[in-house]
Amino acid sequence: ETLQPVNITAHTVNTTCAVGSESEQVQLSCPGDGNTIASVNFAAYGTPSGSCGGAFSHDTKCDADISASVESLCKGQQSCSFDCHDDTCFDQKLPGGDPCYLVAKHVAVSVECAQPPVAGNASSYVVDFGRNLAGV
């Protein structure tokens with residue numbers, strides 16, 4: 001029986017973030033040739049605390065979690081932009097309405113960027129799981 005090699009390729013990942021005032025375009029961009037947004041670590045509209053380079057945290061009384069919307073809009077893109085104002089983000093009404101009525105709000109977003117695999121930069125390994133585990 002001949003075992004086939006398994007290719008394992010490393011992807012470089014880094015974090016980038018953006019903060020923008022209410023009604024201001026928030027621009028996310030993964031620097032580097034071919035890097036794309038792989039996942040969303042944090043995304044809130046309202047009065048989240050923290051800063052780029054540090055950790056963000058939700059204000060449970062005045063935040064809308066917009067992580068799913070940011071991921072839907074931005075995942076797989078090298079860059080994307082959007083804005084939030086009053087009760088609207090991404091040109092859609094927020095399910096809960098304005099997260100903090102008559103309060104100045106902002107957007108805070110942190111995303112992971114992934115580098116595409118480099119051709120020829122994979123390591124091949126032969127893994128023998130044994131007859132029982134291989135189902136042979």
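The rules behind the values
- What you see as residue numbers is a count from 1 along each chain, following the sequence as written.
- Since the coordinates come from a predicted model, pLDDT governs what is reported: local features require at least 70, and pairs of side-chain atoms require 80 or more to be given and counted, while whole-chain, interface and lining totals use all residues.
- The side-chain values count all of the structure's non-hydrogen atoms but skip hydrogen atoms and water molecules.
- We call two strands paired when DSSP finds no fewer than two bridges between them.
- Secondary structure elements are defined from DSSP: runs of H or I of at least 4 residues count as helices, runs of E of at least 2 residues count as strands, and each element is numbered from the N terminus.
- Between N-to-C directions, angles cover 0 to 180 degrees, with each direction set by a line fitted to C-alpha atoms, over the stretch in contact for helices.
- Note on contacts: a residue pair qualifies if any of its non-hydrogen atoms lie within 4.5 Å across the two residues.
- The rule is simple: take the accessible area with a 1.4 Å probe, protein chains only, and divide by the maximum for that residue type; under 20% is buried, over 50% is exposed, in between is partly exposed.
- To obtain the arc, one takes the directions from the helix axis to the C-beta atoms.
- As used in this structure description, the phrase polar contact means that two N or O atoms lie within 3.5 Å; if the pair is within protein, one of them must be able to donate a hydrogen and the other to accept it, and residues adjacent in sequence are counted only when both atoms belong to side chains.
- The criterion for an aromatic pair is that two Phe, Tyr or Trp rings (for Trp, the six-membered ring) have centres within 6.5 Å, with stacked assigned to planes under 30 degrees apart, edge-to-face to planes over 60 apart and tilted to the rest.

With that settled, consider the sheet that holds strand 5 (residues 63-65). Strand order in this open sheet of 4 strands is 2-10-4-5, and the pairing throughout is antiparallel. Every interior strand has two partners, whereas the edge strands, strand 2 (13-21) and strand 5, have only one. On average, each strand axis in the sheet is tilted by 20° relative to the strand beside it, whichever way the strands run. The pairing of strand 2 with strand 10 (residues 106-114) spans 9 bridges and is classified as antiparallel. Paired with Val19 across the two strands is Ala108, which belongs to strand 10.

If you walk across this open sheet you meet the 3 strands as 7-8-9, and the pairing is antiparallel. Strand pairing shows two members of the sheet lacking a second neighbour, strand 7 (84-85) and strand 9 (92-93), which therefore form its edges.

Another aspect to go through is the side chain of Thr16. Tracing the backbone shows Thr16 in strand 2. Beyond its immediate stretch of four places on either side in the chain, Thr16 contacts Ser29, Cys30, Val109, Ser110, Val111 and Cys113.

Attention shifts here to helix 1 (residues 67-74). Among all positions in helix 1, only Ser67, Val70 and Cys74 are buried. End-on, the buried residues of helix 1 take up no more than an arc of 65°, which puts them together on one face. Away from its buried face by more than 90 degrees, helix 1 exposes Ala68 and Ser72. For helix 1, the secondary structure elements touched by its buried residues are strand 3 (26-29), strand 4 (36-46), strand 5, strand 6 (79-82) and strand 10. Of the residues one or two after helix 1, Gly76 is the one with positive phi, at around 85°.

Next up on the list: the side chain of Thr88. With respect to the helices and strands, Thr88 occurs in strand 8 (residues 88-89). A distance of 3.1 Å separates a polar atom in the side chain of Thr88 from a polar atom in the side chain of Asp87.

A few words on the environment of Ala68. Within the secondary structure, Ala68 sits in helix 1. Taking the C-alpha atoms as reference points, Ala68 and Phe42, separated by 26 residues in sequence, lie 9.7 Å from one another.

All right, on to the packing of aromatic side chains then. Applying the stated criterion across every chain, the model contains 2 aromatic pairs. On the numbers, 5.4 Å between centres and 20° between planes, the contact of Phe42 with Phe56 is stacked. With Phe42 in strand 4 and Phe56 in the loop between strand 4 and strand 5, this pair connects stretches of sequence that are 14 residues apart. For the pair Phe42 and Phe56, a shared accessibility class is recorded, and that class is buried. Ring centres of Phe82 and Phe90 lie 4.6 Å apart, and the angle between their planes is 35°; this geometry places the pair in the tilted category. Summarising the burial analysis for this pair, Phe82 and Phe90 share the class buried.

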